[in-house]
Amino acid sequence: MSEQKTQGIGFFEKYLTIWVLLCMAAGILIGKFLPAIPAVLEKFQYAGQNLPIAVLIWIMIYPMMMKIDFQSIKDVGKHPLGILISSGSSWVIKPFLMFGLATLFLKVVFQSFIPAALAQDFVTGTVLLGTAPCTAMVFVWSNLAKGDPAHTLVQVSVNDLLILVLFVPLVQLLLGVNDIHIPWGTLVFSILLFVVVPLAGGALTRVLMIRKKGEPYFNKNFVPKFDGITTLGLLLTLVIIFSFQGDIILEQPLYVLLIAVPLILQNLISASFTYLLCRWTKQPHNIAAPASLIAASDFFELSVAVAIALFGPDSPVVLACTVGVLTEVPVMLLLVRFINKTRRWFPQPAADNN
């Protein structure tokens, strides 16, 4: 397993939790000792978006979108049940599971530690996080679990298309249960800005570069050039976010741990349910592995962007979304380890998967 981690996951991704903690510390220190910096950054607003954070999030998302090959959609029929299970887990089960767990723990179990209004904000953040399935790091997790790369690509492509039509109504539905009414226009604008635009830009870049240089060059030489830019965008985004969140974290650091509880449980339950369902339906292991990992992970870049657009960068809603970055890597590595150890539960993959 340690060899697989070394080969399949980069240095930055492997220690992402540590970088998030360092960014948290840096942002809190900036907010406390250099408050003029977040004050100036907060002034750059357009259509409800904080422009510096919006640019950084776009920088993170755009390279991810270049990896998506929508021509792979034509292969959806090779393992239709695997796609159906993964999509159902991501869009029919996971959002409602996240809402239920967050409501149970943050508003009931932890009510002695979290004021009611603040708990409501935390639930809102977790809903935004749980309603956006991951589209990037899943490639890393699937590789570590020896998942079928073609199936992973098809499922990620399907999820990117489903986000366009399901994210907004699901968020409206789940938040409406708590009488939190969000303008449709703001949600739609966020989807356009942080999904449609980078998706179209990534697809166009992919087509033009492959046409000019070929697919091997694109995958092995062109795409890796953006890894450093993506990393820098993520780190700077986290520093800025935590510079706005410093007061609440310093006053109540326990909140971070309490928010993490339903997030981690959602990851574990979503992955376990999907994995066992794949086993029950006799899917091969290299299909079950990416299906369960996709069901567990989150598109935190989108959730953070939407939270900032709706509630502002200093909102507790944003903090709840950002905690997902802190917890995802160790949880996903744990799931990968479990999935690799239970490979014998599944039938051998069909010949066309190799």
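Here, every reference points to the structure presented above.
**Details of the overall build of the protein**
- Counting its secondary structure elements, the protein contains 16 helices and two strands.
- Computed over C-alpha atoms, the radius of gyration of the protein comes to 20 Å, within 12% of the 20 Å expected from 2.2 N^0.38 for 354 residues, which places it in the range of a compact globule.
- Projected onto its principal axes, the C-alpha coordinates of the protein cover approximately 60 × 50 × 40 Å.
- When burial is assessed residue by residue, the protein has 55% of its 354 residues classed as buried.

**Looking at the packing of helix α6 (residues 80–109) against helix α9 (residues 149–177)**
- Where α6 meets α9, the closest approach of the two axes is 10 Å, and the angle between their N-to-C directions is 25 degrees. The angle between α6 and α9 falls in the class roughly parallel. In this structure, α6 meets α9 at a crossing whose hand is right-handed.
- Each residue belonging to the contact of α6 with α9 can be placed in one class, and the counts come to 15 nonpolar, seven polar and no charged.

**Observations concerning the packing of helix α5 (residues 51–66) against helix α10 (residues 184–213)**
- Running from amino to carboxyl end, α5 crosses α10 at an angle of 45 degrees, the nearest separation of the two axes being 8 Å. Between α5 and α10, the interaxial angle falls into the category oblique. Considering how the two elements wind past one another, α5 and α10 form a crossing that is right-handed. Contacts from Ala54, Ile57, Trp58, Ile61, Tyr62, Met65 and Met66 in α5 reach Leu193, Phe194, Val195, Val197, Pro198, Leu199, Gly201, Gly202, Thr205 and Arg206 in α10.
- By residue class, the composition of the contact of α5 with α10 is 13 nonpolar, three polar and one charged.

**Considerations on the nonpolar core**
- Judged by nonpolar contacts, the single largest core of 103 residues is most densely connected at Ile114, Phe122, Trp141, Phe167 and Leu302.
- Judged by nonpolar contacts, the second largest core, of seven residues, contains Tyr62, Met66, Phe218 and Phe226.

**Topic: a nonpolar patch on the surface**
- A contiguous nonpolar patch, built from Leu161, Leu164, Val165, Trp184, Val188, Leu192 and Val196 and spanning about 570 Å² of accessible area, is present on the exposed surface.
- For the nonpolar patch, the secondary structure elements donating two or more residues are α9 and α10.
- Residue contributions to the nonpolar patch peak at four residues, all from α10.
- By the element assignment, leucine 161 lies in helix α9.
- With a relative accessible area of 38%, leucine 161 lands in the partly exposed category.

**Focus: the pattern of salt bridges**
- Under the defined criterion, the tally for this structure stands at two salt bridges.
- Its salt-bridge partner being arginine 206, residue glutamate 215 comes within 3.7 Å of it at the nearest N-O pair.
- Glutamate 215 gets classed as partly exposed once you look at its relative accessible area, which sits at 37%.

**Here we look at helix α13 (residues 254–280)**
- Relative to the 39 Å expected for 27 residues at 1.5 Å per residue, α13 spans 40 Å between its end C-alpha atoms, a close match to the ideal helical length.
- A maximum bend of about 25 degrees is found in α13 at valine 261, where proline proline 262 lies one to four positions downstream.
- Lysine 282 sits one or two positions beyond α13 and adopts a positive phi of about 60 degrees.

**Looking at the environment of serine 142**
- Position of serine 142 among the secondary structure elements: in helix α8 (residues 138–144).
- Serine 142 gets classed as buried once you look at its relative accessible area, which sits at 2%.
- Serine 142 sits 144 residues away from asparagine 286 along the chain, and the two C-alpha atoms are 8.6 Å apart.
- Sequence-distant contacts of serine 142, that is, excluding residues within four places in its chain, are made with Gly147, Asp148, Thr152, Pro290 and Leu293.

**Some details on the packing of aromatic side chains**
- Scanning the model with the defined rule gives ten aromatic pairs in all.
- Relative to tyrosine 255, the ring of phenylalanine 122 has its centre 5.6 Å away and its plane inclined at 65 degrees; by these criteria the two rings are edge-to-face. You can see phenylalanine 122 sitting in helix α7 (residues 116–130) and its partner tyrosine 255 sitting in helix α13, a full 133 residues away along the chain. Comparing phenylalanine 122 with tyrosine 255, the two get one shared label, buried.
- Ring plane angle 25 degrees and centroid distance 5.8 Å describe the contact between phenylalanine 218 and phenylalanine 222, whose orientation is recorded as stacked. With a gap of four residues between them, phenylalanine 218 and phenylalanine 222 both fall in helix α11 (residues 215–222), about one helical turn apart. Both residues of the pair, phenylalanine 218 and phenylalanine 222, belong to the buried class.
- Chaining the aromatic ring pairs together yields one cluster made of Trp58, Tyr62, Phe218, Phe222 and Phe226.

So, how was this worked out
- Residues numbered from 1 in each chain as written.
- Predicted model: local features only at pLDDT ≥ 70, side-chain atom pairs only at ≥ 80, totals over all residues.
- Heavy atoms only, no water.
- Helix = DSSP H or I, 4+ residues; strand = E, 2+ residues; numbered from the N terminus.
- Rg over C-alpha atoms; globule rule 2.2 N^0.38 Å.
- Buried < 20%, exposed > 50% of the residue type's maximum accessible area, 1.4 Å probe, protein only.
- Axes fitted to C-alpha atoms, helices over the stretch in contact; angles between N-to-C directions.
- Parallel < 35°, antiparallel > 145°, perpendicular 65-115°, else oblique.
- Left-handed = near helix turned anticlockwise from the far one by under 90°.
- Nonpolar A, V, L, I, M, F, W, Y, C, P; charged D, E, K, R; others polar.
- Contact = heavy atoms within 4.5 Å.
- Core = buried A, V, L, I, M, F, W, Y, C linked by side-chain atoms within 4.5 Å.
- Patch = residues over 30% accessible without salt bridge, like charges linked within 9 Å, V, L, I, M, F, W, Y side chains within 5 Å.
- Areas by Shrake-Rupley, 256 points an atom, 1.4 Å probe, with all protein chains shown as cover.
- Salt bridge = Lys/Arg side-chain N within 4 Å of Asp/Glu carboxyl O.
- Expected span 1.5 Å × (residues − 1).
- Bend = angle between axes of the 7 residues up to and from the residue.
- Phe/Tyr/Trp six-rings, centres within 6.5 Å; stacked < 30°, edge-to-face > 60°.

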